Amino acid sequence: MIQVNKYWEDPNALQVNREAPRAYYIPYHDVQSAKTGKRGRSKYYQTLNGSWKFRYLPSVNQVMEGFYKLDTDVSDWDDLIVPSCWQTNGYDQMQYTNINYPIPCDPPYVPNENPAGLYVRNFNVSDRWSDSKYIVFEGVNACFYLWINGLFVGYSQGSRIPAEFDISSYVHSGSNRMAVMVLKWCDGTYLEDQDLWRFSGIFRDVYLLSRPSVHIRDVFNRQQLSADFGKANLHIELQTTGQLDVRAELRNATNQTIAHAQAIIDDQGELELEVDDPILWNAEQPYLYDLYIHSGEEVLLFRVGFRRVEIVDSVFMINGQAIKLKGVNRHDSHPELGQTIPMNHMIKDLILMKRHHVNTIRTSHYPNDPRILDLCDEYGFYVIDEADLECHGLRHADPWMEGAFHKLSENLAWQAAFLDRAVRMVERDKNHASIIIWSMGNEAGYADNHIAMAEWTRERDSSRLVHYEGAAPIYKGSTNVDSLDIESRMYASVAYIEAYAQDENSKKPLFLCEYSHAMGNGPGDLLDYWDVIYQYPKLMGGCVWEWIDHGMKTTTAEGQPFYGYGGDFGEQPHDGNFCMDGLVYPDRTPHTGLLELKKVIAPVRVEAGELEKGVIQLTNRYDFIDLSHLRLIWTVERDGAVEQQGEISELTTGPQMTVELVLPYKLPQASASRYLVTVTLVQKWHTLWAEAGYEVTFEQFELPVIKADKENDSPLDTIMVKEDGQLVTIHGFDFLHVFDLYEGMFTKLSKHGVDLLYGKPSFHVWRAPIDNDRNIKARWRQHGFDRAKMHVYDAKIAELTAARISITVIFSLGGYITYPIAHGQATWSVDGAGEITLQTHIQVKENVLFLPRFGLQFSMPQGTEEIEYFGYGPHESYIDKRRSVRKGKYLTTVDGLFENYLKPQENGSRYGTEWVIISNEQGMGLKLTSDNEHFSFHAAHYTADDLTAAGHPHELARRDETIVNADYKMSGVGSNSCGPELLEKYQLNEKKFTFNLTLTPVFKED
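Here goes a summary of the coordinates provided. Everything quoted here is computed from the prediction, not taken from an experiment. Counting of residues starts from 1 at the beginning of each chain's written sequence and follows it residue by residue. In keeping with the model being predicted, local features are shown solely for residues with a pLDDT of at least 70 and side-chain atom pairs are shown and tallied solely at 80 or more, while totals for entire chains, interfaces and linings include all residues. Think of the side-chain values as coming from all heavy atoms in the structure, minus any hydrogens and water.

1. A short note on the sheet that holds strand β29 (residues 487-490)
- What makes two strands pair is DSSP finding at least two bridges between them. Under the DSSP-based scheme used, a helix requires at least four consecutive residues in state H or I and a strand at least two consecutive residues in state E, with every element numbered from the N terminus. The 8 strands are arranged β28-β27-β26-β25-β24-β31-β30-β29 in an open sheet whose pairing can be described as parallel. Here the strands that pair on one side only, and so sit at the sheet edges, are β28 (465-467) and β29. Geometrically, the sheet is characterised by an average inter-axis angle of 25° between neighbouring strands, direction not taken into account.
- Pairing of strand β27 (residues 435-439) with β28, which is carried by 3 bridges, proceeds in the parallel orientation. The partner of W438 across the bridge, within β28, is V466.
- Contacts are assigned to residue pairs that have any heavy atoms within 4.5 Å of one another. Only the stretch in contact is used when a helix axis is fitted, and all axes are lines through C-alpha atoms; the angle between N-to-C directions ranges over 0 to 180 degrees. Each of β29, β30 (510-515) and β31 (539-544) touches helix α7 (residues 494-502); the most contacted strand, β30, lies at about 170° to it.

Take a look at the structure:
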């Protein structure tokens, strides 16, 4: 076994020989190279990314003494790319856990069988490099020991914060050898219990820096704006390693020098620049100045964004403007690389966020790669930078122990470890305009150690706010919250945040650091939150949990690829598919939930005025910019076909202003048709994140056209009815239907000899549970919803004429064990055209929970693949998740309706449908219509039971037939996988209702 000090189980041994934390920067040799922002353009930068020799050992006890020596033969070791995570390269155990520690909870101790990864790399040092040389590890999980040329250099822990070492005395010109021992666990593991895959290794960049012996060590660009924002002072605080002549110049976006200063700095000093009429930075106009700091042959570049962050009368403000934070929680997550995130992947995330109006990122729950902050400065995002600190497992390791959650935060022996995580984050990221709030971690209790973190942070940087949700009263931690600027909550209900906003005793603004849990088919409560957030100035907004599904790409035993989640790799403990809770799939394809978010938080609101005169109201919800960058396009559709269109190219509405516009469409005097006007706002010009013509938002209204009577239908043909025992055969001019009185349902529907039914229809209340049903599905099953079948008490012909027959069925719905869920009477009528009308009166048992759905389910034969409908589209919609869809006529397929959630569940329904035709490609099928307001339909090649039983998409067996659900109503999707219960107004909780449905056999070419 290797003989080293056991720093990994000592909470006071956080580092050995590690440099003091400093601001993130790369020294360059000239302005032109610095301006590129590319590290490799610097003569003083040398990457150590690439192929390293690697050996994985299941226990640190197996690490051989002297592996780090120069003469150790590592030629037979594996080759491993750095940066990377062991587990994504086939070493160790893939493991996803959310709230539970993956090790026994015995801080500061970790298992004796502590896996170790040994890294060895030969590297060259140029003889042209300066005397001082440093190595930077930007991220190593969980702790590591470093040797160079056989000599011990140092130790560090804190997985997601840089560790820098002065290696000047360890290296020489020419070839050198570096060895690193990374341990999977250390006492810091107790502070890093975030909701994520537990990856290990050197997962972020490693590089060398050459510095003169006397150089700038740290820079803090403090800014001060005058009350009227007409003047900005930039105070540049400098730390040097000796006496140094330092010159600073500030250039604007057109590369003009607008301020400069020079001074001799000896260890510590300051330069001051003054700017008249500064252009302010904000997320909508992220204007950046370039600050070049020259010393000797080095040039440092810092992007400076002038802005002021403050709370005024309980209102959160930036640059004097009240701001709503429209955010998401973002983990570092790549479906193949784990927590190793390439630059282009970061850019892809940010572009998607901008395209969907996200203006805020909470770095849940640790500082992200430093380069993403450069991008946030440039693209325009407000960032809540969060310390790498979470102790969630304490709460569950001993749930019987009062105050267990606060065990480490109140233990002063751990204060240095807590404080270290705040200090290193703040020092690294302090010069970024995008960072508006420092967060002291997540779900780690709240006591003296957190208070020390917050107080240090406020003293070091008073220009930003300090946040920590763990101080909320619900956790019963310390009541000393004076060092926190914000009230923060997770998953508070809409009613709660409204009550808080109305409470005059609540003085701090309220921030929802997590809300509207986006797991699976959801979230469904976004509009409800934002209606209230917009209403009250004290509400800051919030961050949806979360940005991405953390699925890891893997394969079945047969080689079929799929995205795995907790338990798919045989690990224990795990938290199942709870990592699949994002607004985008692992490959960054948007969920429909992201489309919903885009619409709800859109920066322009369109409302109806006097529509008969073409009047609409336009509200600019941007905080700093007018609408001159947008074009307004309007269309008028008659029954789904465009009849009129136009545009308004010049929009000048200022921020937070409302104007009336007149659209010059013409309305008919009267019509039997439906007329809809759709107003769309699109970008005029290309931006960093979207092309010209990209749709920013839309709104749609039905126009007030007087309804004219439809033309009278031609007389109905006569029908022939034959009753043979329990079967009633209804024969018309071109159709043949058969009704089974015993079953209480049709068993055959046909037109021109083409069968339109496959099997027997049934009334249906079950849906494949969505992730947001996780807290109620067991109770649904207790009521028997998942096994409810129809029992027929009586069925008989109630009316028979030459051109019509009506059959009445008295029935109940129930499953084994329980009493019936509901009783009903269904009246089926068939006319001479073969059209079937259903009127169903339902009485639901009083003490039954709200139903998942109620409707008619039936199957249609193989080949029934075409879907044409008039209703909301183009994607799925539900009663509480329908702001991102618009009414129109759509043509798609059964597979085109399907939303392939990575854990199969209810999906693809279309809320508010007026009619739908499900047919084969030749147009032979059934048309469904209903006058019920909430009518929705769904067609798929899977039943609800199929979806319920499958854990992954590849486990679904596609049926040949098409299963159709025509629903009176379906309960909403909400966000109750972690958020509050589904709002009552979105529950199917009616105890009496009537469902009307018309089924018309059609040949579309007729």
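2. Remarks on helix α9 (residues 592-600)
- A large share of α9 lies buried, amounting to 8 of its 9 residues.
- Taken residue by residue, α9 has T592, G593, L594, E596, L597, K598, K599 and V600 as its buried positions.
- Packing partners of the buried residues in α9 comprise β24 (325-329), α2 (343-355), β30, α8 (526-535), β31 and β41 (695-702). Burial classes: relative accessible area under 20% of the type maximum marks a residue as buried, over 50% as exposed, and values in between as partly exposed (1.4 Å probe, protein chains only).

3. Looking at the pairing of strand β10 (residues 151-157)
- With respect to burial, β10 is a largely interior element, 5 of its 7 residues being buried.
- As paired strands, strand β1 (residues 15-16) and β10 are joined by 2 bridges and run antiparallel to one another. For V16, the partnering residue across the bridge sits in β10 and is Y155.
- Two strands pair when backbone bridges link them, and strand β9 (residues 143-148) and β10 are joined in this way by 6 bridges, in the antiparallel orientation. Within β10, the position partnered with C143 by the bridge is Q157.
- Where β9 hands over to β10, the hairpin turn is made up of 2 residues, of which N149 adopts a positive phi near 50°.

4. Looking at the sheet that holds strand β35 (residues 615-620)
- A sheet is described by the order of its strands in space; here 3 strands give the open sequence β34-β35-β38, paired in antiparallel fashion. At either end of the open sheet lies a strand with only one pairing partner, and these are β34 (604-608) and β38 (658-662). Here the strands of the sheet are splayed against their neighbours by 25° on average, with no regard to which way each runs.
- Two strands pair when backbone bridges link them, and β35 and β38 are joined in this way by 5 bridges, in the antiparallel orientation. Each residue of the ladder has a partner; that of L618, found in β38, is V659.

5. Some words on the environment of E984
- Examined against the element boundaries, E984 turns out to sit in the loop between β60 (962-970) and β61 (992-1003).
- A relative accessible area of 58% places E984 in the exposed class.
- For the pair formed by E984 and S200, sequence separation is 784 residues and the distance between their alpha carbons is 44 Å.

6. Digging into the side chain of H334
- Residue placement: H334 occurs in the loop between β24 and α2.
- Between N or O atoms, a polar contact is any pair within 3.5 Å; within protein, one atom must be a potential hydrogen donor and the other a potential acceptor, and residues adjacent in sequence are included only when both atoms are from side chains. In terms of polar contacts, H334 uses its side chain to reach the backbone amide nitrogen of E336, at 3.0 Å.
- In this structure the side chain of H334 is engaged in a polar contact, spanning 3.0 Å, whose partner is the backbone nitrogen of L337.

7. Examining the side chain of S59
- Turning to its location among the elements, S59 is positioned in the loop between β3 (50-57) and β4 (78-82).
- If sequence neighbours within four positions are ignored, S59 has contacts with N112, E113, N114 and P115.

8. So, unusual backbone geometry
- The amide bond that connects S364 to the next residue, H365, takes the cis arrangement and shows omega of -15°.
- Along the chain, H365 falls in the loop between β25 (360-362) and α3 (370-379).
- Omega for the peptide link from Q572 to P573 comes to -10°, which places this bond in the cis form.
- Inspection of the secondary structure assignment puts P573 in the loop between β33 (561-564) and α9.
- Residue Y491 is not a glycine yet carries a positive backbone phi of 55°.
- Secondary-structure assignment places Y491 in the loop between β29 and α7.

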